[in-house]
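Each chain is listed here by its residues.
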Amino acid sequence: MATYCSLAQLSMCSSEQNRMKTHKRRPPIGLIICFSLFCILTERQAIHYHSIAGFNQQREGQMATDSLFNSTYYTNIYNSFGTHESYADVRLFKFDAFSNYKSNHIKSNGCRLTVVINDPRVPVSGFNHPVWYTLESLAAYVPYACLVINTASCSVIHQTKKNTSTTPSKLQKESAVASFIYARSLPLFRRMMERGQVRISILNHEKYGVSCGNFNPNALLKNLNFWLDEFSEGLDSDVVLVAQDDSVFCHHFDVELWKHFAYVGAPWSPTFHPFGGCNGTCNAWHTWTSQCDGLTNDHADEHMPRFCTSNCDGIQGNGGLSLRRRSWMVKALQTCSPQIDANEDLFFSIILYGLGATMPSNFEASLFSVETVFPEQTREYSTLDNITVPETIQKLWGTGTGMKLYKRMHRHESYITNDSTTENLQQLYTIPLAFHKPWLYHPADIINGAQTEKECFFLKFVR
């Protein structure tokens, strides 16, 4: 059984293992016993915190408290350009078993949450590529999940050929890709691979009309066959988290608190909404119903009152980091034509609102992910009051830990260091569970500030 180290123990464990390997003399028996006991205790503690059957939410508080250490640890990895000692901590030597999940727990119980990465560039990404920090943030804050990487093999085929006339088999391709991914992965995601929570799929890009070097999300996700064929029957969950390499998790994500929604993504402000906000959304839906089976103008008005009145509070959500129910994706595509001229995230969000699916408010969606607007900014065009806010926080972030986290975020003293004061801290915001490329829409003093650094230290590695 592999020895799992917590974030705080990774540096210590890796250093000790490397020292033992390179020591010229055989270590004393007492040291072997002590080190063995240390690893047993480490393993037990890690299993307690990182069991795929569940995640102890107390770990969220510990990770937040240790964020300075964690940030330093990963900064050292980043600055090493692939030479950090953690890359030498290899515990997996065979890569021919990644076509499906190997975890016995997953085989028996299925996945609580399936995370999907669709990217052909993963196998050839350098050590400091953002994708490794996206994956590491998922391993840190969603450690119970199953994770599938849909990728391509065209860039690595030449490395699997024994001669120019031999075409590598599907197994050879998957093994080569898995080996490359493991070699570049960061410690916690490596542990997920070792525990059998990761599967790797060489996507048939021609089937979806995408190139081997670029998986266009509109072509891929608006194709019904993707939602029907690319998931492991009986194992992958109906609830799916779609992530890209410009997204990152900041806090523990409990899918049980969110799975009632059909679709959740970062909300758009009226300024950045492609259709111009509420009126544009309402008009788009009225236009689209002619391309949806069995829908009339009466149906078009049935579930859209919030967008067709002055009470509209905006629309979500961005697809680059989004939580979706596969069953609703299928229903949307079986009801409305994928030829509707809209990006896939607008396509699904507007149609699901129109079909009456359970969808979050903009404030609720901003607690999940932020791109253009923070939770406080969504309240500028919503009817939320000071009573509704804490109720919503507790509902989606957890009754105990959620409010504790929220209150900490709004105390300046939470972010004072030896070289800072309350005067030089930027305005405080509610930092969401995750971010999707916020640096495109928010000033550097927020994205690089003390609050964001403490609450979401992985962010600096993906921007």
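Residues numbered from 1 in each chain as written. Predicted model: local features only at pLDDT ≥ 70, side-chain atom pairs only at ≥ 80, totals over all residues. Heavy atoms only, no water.

**Details of the nonpolar core**
Counted only if it meets this: We call a set of buried Ala, Val, Leu, Ile, Met, Phe, Trp, Tyr and Cys residues a nonpolar core when their side-chain atoms join them within 4.5 Å. Residue exposure (1.4 Å probe, protein chains only): buried if accessible area is under 20% of the type maximum, exposed if over 50%, otherwise partly exposed. Strands here are runs of E lasting at least two residues and helices are runs of H or I lasting at least four, both read from the DSSP assignment and numbered beginning at the N terminus. Throughout, a contact is declared for two residues whenever any of their heavy atoms are within 4.5 Å.
Formed by 78 residues in total, the largest nonpolar core has its most connected members in Tyr74, Leu113, Phe189, Phe249, Phe253, Trp258 and Trp397. When residues of this core are assigned to their parent elements, the largest contribution, eight residues, is made by helix 6 (residues 130–141). In this view, Phe189 contacts Leu135, Glu136, Ala139, Leu147, Ile149, Ile181 and Val198; residues no more than four positions away in its chain are not counted.

**Notes on the side chain of Gln451**
Put simply, the rule is: Here a polar contact means two N or O atoms within 3.5 Å. Within protein one must be a hydrogen donor candidate and the other an acceptor candidate, and residues neighboring in sequence count only if both atoms are side-chain atoms.
Take Gln451: it is sitting in helix 21 (residues 450–455). Of note is the side chain of Gln451, whose polar atom sits 2.9 Å from the backbone oxygen of Met409. Setting aside residues no more than four positions away along its own chain, Gln451 makes contact with Met409, Tyr415, Gln426, Gln427, Leu428, Tyr429 and Ile431.

**What to know about the packing of helix 14 (residues 326–335) against helix 15 (residues 344–354)**
Test applied: In this description, a line fitted to the C-alpha atoms serves as the axis of each element, helices being fitted only across the stretch in contact, and the angle between N-to-C directions of two axes falls anywhere from 0 to 180 degrees. In these notes the angle categories are as follows: under 35 degrees is roughly parallel, over 145 is roughly antiparallel, 65 to 115 is roughly perpendicular, and the rest is oblique. In this count, Pro and Cys sit with the nonpolar residues alongside Ala, Val, Leu, Ile, Met, Phe, Trp and Tyr, while Asp, Glu, Lys and Arg are called charged and the others, Gly among them, polar.
For the pair helix 14 and helix 15, the least separation of the axes is 10 Å and the interaxial angle reads 85 degrees. The pairing of helix 14 with helix 15 is recorded here as roughly perpendicular in orientation. Contacts between helix 14 and helix 15 involve Trp328, Met329, Ala332 and Leu333 from the former and Phe347, Phe348, Ile351 and Leu352 from the latter. Split by residue class, the contact of helix 14 with helix 15 holds eight nonpolar, no polar and no charged.

**Observations concerning the sheet that holds strand 11 (residues 434–436)**
The criterion, for reference: When DSSP locates at least two bridges between a pair of strands, those strands are taken to pair.
Strand order in the open sheet made by the three strands is 5-11-10, with mixed pairing throughout. The open sheet has two free edges, formed respectively by strand 5 (247–249) and strand 10 (369–370), since each of these has just one partner strand. As defined by bridge partners, strand 5 adjoins strand 11 across three bridges and the pair is classed as antiparallel. Counterpart to Phe249 in the pairing with strand 11 is Ala434.

**Section: the confidence of the model for the protein**
The following threshold applies: A residue's pLDDT is the predictor's confidence in that residue, given on a scale from 0 to 100.
Looking at the protein as a whole, the pLDDT averages 82, with 76% of positions reaching at least 70. Counting contacts from residues 1–69, a segment whose pLDDT is below 50, to residues more than four positions away or on other chains yields 99 contacts.

**Brief notes about the state of the cysteines**
The following threshold applies: Note on terminology: disulfide denotes any pair of cysteine sulfur atoms within 2.5 Å.
This structure, assessed with the given rule, holds four disulfides. Between the sulfur atoms of Cys250 and its disulfide mate Cys456 the distance is 2.1 Å. The sign of the -65 degrees torsion about the S-S bond sets the Cys250-Cys456 disulfide as left-handed. Of this pair, Cys250 sits in the loop between strand 5 and strand 6 (263–265) while Cys456 sits in the segment after helix 21, placing them 206 residues apart in sequence. When its relative accessible area of 2% is taken as the criterion, Cys250 is described as buried. A relative accessible area of 2% places Cys456 in the buried class. With a sulfur-sulfur separation of 2.0 Å, Cys292 is cross-linked through a disulfide to Cys336. Looking along the S-S bond of the Cys292-Cys336 disulfide, the torsion reads about 110 degrees, which is the right-handed sense.

**Focus on the pairing of strand 4 (residues 239–243)**
With five of its five residues buried, strand 4 lies for the most part within the structure. Bridge count between strand 1 (residues 114–118) and strand 4: four bridges; the pairing is parallel. Counted as the bridge partner of Val115 is Leu241 from strand 4. Here strand 4 pairs with strand 9 (residues 321–325) via five bridges, running antiparallel. Paired with Ala243 across the strands is Leu321, a residue of strand 9.

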